[in-house]
Amino acid sequence: MRPHIEFIHAESVPCQPLLLGSAGGNIRILSHDQESGALTALVHLPADWTLPIGRFTASVEFYLLTGTLITEDYAASHHTYTFIPAGVRVGPMHTRSPVTLLWFTHGEAIFEPIDEDAPASQRRLLINALDTSALPWVNPITPGFPPGAMRKQLRIDPDTGVSTWLLGVLPQWREPRIEIHPVAEEAFILQGEMATHRGVMIAGSYFWRPPHVPHGPFHTDTGALILFRTDGHLQTFYRWPASSE
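Throughout what follows, the structure given in this document is the object of discussion. In this text, all values refer to a predicted model and were calculated from it rather than measured experimentally. (Residues numbered from 1 in each chain as written. Predicted model: local features only at pLDDT ≥ 70, side-chain atom pairs only at ≥ 80, totals over all residues. Heavy atoms only, no water.)

So, the environment of Ala10
And step 1. Tracing the sequence through the fold places Ala10 in the loop between strand E1 (5-9) and strand E2 (16-17).
And step 2. The spacing of Ala10 and Arg177 is 167 residues in sequence and 27 Å in space, taken between C-alpha atoms.
And step 3. Dropping the residues within four chain positions of it, Ala10 is found in contact with Arg28, Leu30, Leu42, Phe188 and Gly204. (Helix = DSSP H or I, 4+ residues; strand = E, 2+ residues; numbered from the N terminus. Contact = heavy atoms within 4.5 Å.)

Points about the packing of aromatic side chains
And step 1. With the rule as written, the count across this model stands at six aromatic pairs.
And step 2. Both rings, one in Trp165 and one in Phe228, keep their centres 5.4 Å apart while their planes meet at 10°; by these two values the pair is stacked. Taken together, the positions of Trp165 in strand E16 (residues 163-169) and Phe228 in strand E23 (residues 224-230) put the pair 63 residues apart, joining distant regions of the chain.
And step 3. Judged by relative accessible area, which is 4%, Trp165 ranks as buried.
And step 4. Taken together, a centroid distance of 6.4 Å and an interplanar angle of 70° make the contact between Phe207 and Phe228 edge-to-face. One end of the pair, Phe207, is in strand E21 (residues 205-209); the other, Phe228, is in strand E23, with 21 residues separating them in the sequence. Grouping residues by exposure puts Phe207 and Phe228 together as buried.
And step 5. Aromatic rings pair up to connect Phe56, Phe62, Trp103 and Phe111 into one cluster. (Phe/Tyr/Trp six-rings, centres within 6.5 Å; stacked < 30°, edge-to-face > 60°. Buried < 20%, exposed > 50% of the residue type's maximum accessible area, 1.4 Å probe, protein only.)

What to know about the sheet that holds strand E12 (residues 99-105)
And step 1. The seven strands lie next to each other as E2-E3-E4-E12-E7-E10-E14, forming an open sheet whose pairing is antiparallel. The two strands at the open ends of the sheet, each matched to only one other strand, are E2 and strand E14 (127-131).
And step 2. In this structure, E2 lies alongside strand E3 (residues 26-32), joined through two bridges in antiparallel fashion. In the strand pairing of E3, Pro17 is matched with Asn26. (Pairing = 2+ DSSP bridges.)

Spelled out as structure tokens, the structure:
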């Protein structure tokens with residue numbers, strides 16, 4: 001299991017050299033599962049960075065924060081989302097100017113420079129440069145979620161329920177209750193801020209929370225855009241803070 005992180009700011013995490021693609025680049029590891037190798041990180045690619053054709057040994061997701069990542073098939077820019085299933089051939093990739101990615105792996109994602117899909121890989125699940133700004137906002141899936149928030153689903157695994165989505169909340173939104181989920185949950189603040197029981201999360205703040213950990217209440221004066229992930233089907237149970245009982 002990963003350690004409970006509630007919460008950190010990405011820029012406070014030390015940089016390490018990025019061992020992926022051409023020389024240069026760095027990575028800030030926000031959370032890491034020592035057993036499976038899965039991690040969440042902020043990746044910084046320099047101008048003229050390149051990655052040859054190849055495949056990863058574990059599934060990889062990334063959300064592009066700044067710059068443009070170019071391949072022979074598409075150009076991923078600000079607010080685009082990509083999911084690369086394990087063993088699916090991708091690339092080549094390169095940058096013309098610096099790029100920042102919010103990077104997730106589903107295990108130890110070793111890059112292999114091989115020009116074909118691995119046997120039994122699932123290319124049909126590949127998501128290339130999904131323009132999240134073009135997706136419609138829909139109602140949250142949680143019954144009783146406070147008004148003033150909407151959701152954009154980026155990916156959900158039909159078997160496991162593992163999912164990635166965006167949550168947008170209006171200024172002056174409030175959730176006075178405490179939440180509990182039976183699955184692990186992580187989130188990164190893309191824009192705005194969110195006040196929590198642990199302090200105020202601003203753009204660049206991140207948490208990783210194990211299952212069954214109570215959290216809340218929440219409120220925001222500015223509004224916020226937040227990227228969330230869970231490791232299974234999301235369910236939410238509520239209770240009121242002890243002071244309100």
